[in-house]
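An overview of the molecular structure
The residues making up each chain are set out below.
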Amino acid sequence: MRVHFEDLVETVTFTIPYPHRVAQADLETAAAIDRFVALKLQSLHIPPSPQCDDATFLRRVYLDLIGTLPTPEEVRAFLADRRENRREVVVDALFERSEFVDYWTLFLADLLQNRKERDHDVRGVKGVRAFHGWIRQQVAAGSGWDEIASSVLTSKRSSFEHPQVGYYVVTVGEKRPTETSEVMDSVAQSFLGTRIGCAKCHNHPLEKYTQDDYHHFAAFFSRLGLDRHKPEEGPTVLMVASQDRMNLVRRIEQLEKKLAEMPPMPAEESKDAAEEEKRQKQLQQQREQLEKAKAELANFTEKPVQVRQPRTGAMLPPRPLDRRDLPVDPQSDPREMLVDWMTDPANEYFSGAMVNRLWKHFLGVGLVEPVDDLRPSNPPSNGPLWDELNRQFVESGYSFRHIMRMIVLSETYQASSKTLPENATEQRFYSHFYARRLPAEVLVDAVSQATGVPDTYPGYPRGIRAIQLADPTVESYFLGLFGRSNRTTACACERTGEVTLPQLLHLQNGDWIEPKLRSADGRLRQLVAKEANNDLVLDELF
């Protein structure tokens, strides 16, 4: 139940159990995830489904961890393995695969909106690929989420030398001043799992966030300025300074350019003394103006960091969304204070936003839904489990691999998708594994792998997999049809997972699948030519 009064919100949770009889499970030796899930199911009188078999687990964990199907050889080896810890062994091996890095680079590239701009693009394919490469380096190195977020959010200077500046090129774009851009909404939703866009123009009608809260948050980005250039003309540069300071820097650049365009007149052209005197006077004036501007810049004192609230006209300083007062030095980069607040271990919005995304990726349903809508009036479906996952994530140094390993080795993740009569309609508390459609890139790669015929993508070498593509706008009817993220906004809804009739028709009757099946180089033709027993061929394929 939710109660509102002005900008105050409070919730109360009531549990109404089902009328089933459920045996009490022994939870003394259960892993943390399984203990909290089991306690919740017991309180609701919902029985869990049994564990899935080895073949199902292997296929599931390959697709979820590395976005890739296991090969027939890998399946046979795993099914022949009699070690009790064989599932742990295969999970640890998957973390070392290059496909793991490819797949989770794609995951973060979606979150960080790595794409070309919609209008007047200055990134180009080169900029998108550079940022993609930077993200890939972070995943391969095992960087913590706090490190990655800090590096992106405090990035500055040349986009060639610091590809993560591309995040601001996309979210700030050509907007002036910066607080009128999309960057505040994107940062809040991507890094804090919080939707504040509604408060840009008015107080949020159902949540605590006010228009003042929005513009206090916007003040953290008020010192950003982009010196935009097309890639062939040079890098786009992100500057951190007030508008007055940036105007002064641009004035100096213009004066230096004018001086460079006024070289000393050659001797043979200096016969007209009056003309030469006039030219020398102009040069002297330009030099004096340049020296004056440089002196002004050297002695420049920044004004307090603040933005104007458009409705009241009040000048608001930077303040995070929890309304904590943070003194900001006018000479410093306000974003550094924001990142310190954001990555504070006590800030569960930062850790929770990522934990919730990871949990949904593996389990199909977030502990909070929508996955990027964390707020007091939308509490997690399992509070103790939420607290435990956040604690583990923070204490591990915001390690992706630590949380992923916890999840995929839990009995909750390894549950069968086959339901019982008592849990068939349950869709929120993880009594069974929720069947779901594969992401677009994973599905198209799986078909290519199964048929042995790779897809081709314009601008990329033949054989590249969809999970390796840097640019979300690369031409592909399949990827568009099956809901890849266009990365236009920070919303998780950019990537869709629904099943539609056009998708089914494309898989069954489209002109895409048949050539793969008929290809002389494909697996099907080669298997049929080598093996006369159709049952063995089918066994190899599936």
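In this report, the structure presented in the accompanying data block is examined. Being a predicted model, the structure only gives us computed values, none of them experimental.

Cut-off values and rules
- Residues numbered from 1 in each chain as written.
- Predicted model: local features only at pLDDT ≥ 70, side-chain atom pairs only at ≥ 80, totals over all residues.
- Heavy atoms only, no water.
- Helix = DSSP H or I, 4+ residues; strand = E, 2+ residues; numbered from the N terminus.
- Buried < 20%, exposed > 50% of the residue type's maximum accessible area, 1.4 Å probe, protein only.
- Contact = heavy atoms within 4.5 Å.
- Areas by Shrake-Rupley, 256 points an atom, 1.4 Å probe, with all protein chains shown as cover.
- Pairing = 2+ DSSP bridges.
- Salt bridge = Lys/Arg side-chain N within 4 Å of Asp/Glu carboxyl O.
- Phe/Tyr/Trp six-rings, centres within 6.5 Å; stacked < 30°, edge-to-face > 60°.
- Lys NZ or Arg CZ within 6 Å of the ring centre and 35° of its normal.
- Lys, Arg positive; Asp, Glu negative; His and termini not counted.
- Polar contact = N/O pair within 3.5 Å; in protein donor to acceptor, adjacent residues only side chain to side chain.

A look at the overall build of the chain
A count of helices and strands for the chain gives 22 helices and seven strands. Along the longest, intermediate and shortest principal axes, the C-alpha atoms of the chain span 100 × 65 × 40 Å. Here the chain holds 542 residues, and the buried ones make up 49% of them. Considering only contacts in the chain between residues 6 or more positions apart, those separated by 24 or more positions represent 66%. Taken as a whole, the chain presents about 26900 Å² of accessible surface, with 53% of it coming from carbon and sulfur.

Some points on the sheet that holds strand β4 (residues 224-227)
In space, the three strands of this open sheet follow the order β3-β5-β4, with antiparallel pairing throughout. In the strand order of this sheet, the two ends are held by β3 (157-158) and β4, each with one partner. In this sheet, strand β5 (residues 237-240) lies alongside β3 in antiparallel orientation, the contact comprising two bridges. Following the sheet pairing, R157 is matched in β5 by L238.

Notes on the pattern of salt bridges
The final tally for this structure, using the stated rule, is 29 salt bridges. A salt bridge links R228 to E117; its shortest N-O distance comes to 2.9 Å. Taken as a pair, R228 in the loop between β4 and β5 and E117 in the loop between α5 (98-111) and α6 (124-141) lie far apart in primary sequence, 111 residues in all. Accessibility assignment for this pair places R228 and E117 in one class, buried. Residue E369 pairs with K360 through a salt bridge whose shortest N-O separation is 3.2 Å. Overall, E369 belongs to the partly exposed group, its relative accessible area being 30%. Each of D110, E441, R487 and R495 takes part in salt bridges that share partners, so that together they form one network.

What to know about the packing of aromatic side chains
Enumeration according to the criterion identifies 23 aromatic pairs in this entry. Ring plane angle 70° and centroid distance 5.9 Å describe the contact between F217 and F221, whose orientation is recorded as edge-to-face. We note that F217, like F221, is buried. Here F350 and Y398 contribute two aromatic rings whose centre-to-centre distance is 5.5 Å and whose plane-to-plane angle is 65°, an arrangement assigned as edge-to-face. Residue F350 is found in helix α14 (residues 348-363), and its partner Y398 is found in the loop between α15 (383-395) and α16 (400-408); the two are separated by 48 residues along the sequence. There is no split in this pair, since F350 and Y398 are both buried. A cation sits over an aromatic face here: R35 above F36, 5.2 Å from the ring centre. A cation sits over an aromatic face here: K126 above F160, 5.1 Å from the ring centre.

Things to note about the side chain of R60
Following the sequence through the fold, R60 ends up in helix α2 (residues 54-66). Buried R60, no salt bridge; nearest opposite-charge side chain is D64, N-O distance 5.7 Å. A polar contact of 2.6 Å, which involves the side chain of R60, links it to the backbone oxygen of Y413. For R60, the contacting residues outside a window of four places in its chain are C52, Y413, Q414, A415, S416, S417 and F433.

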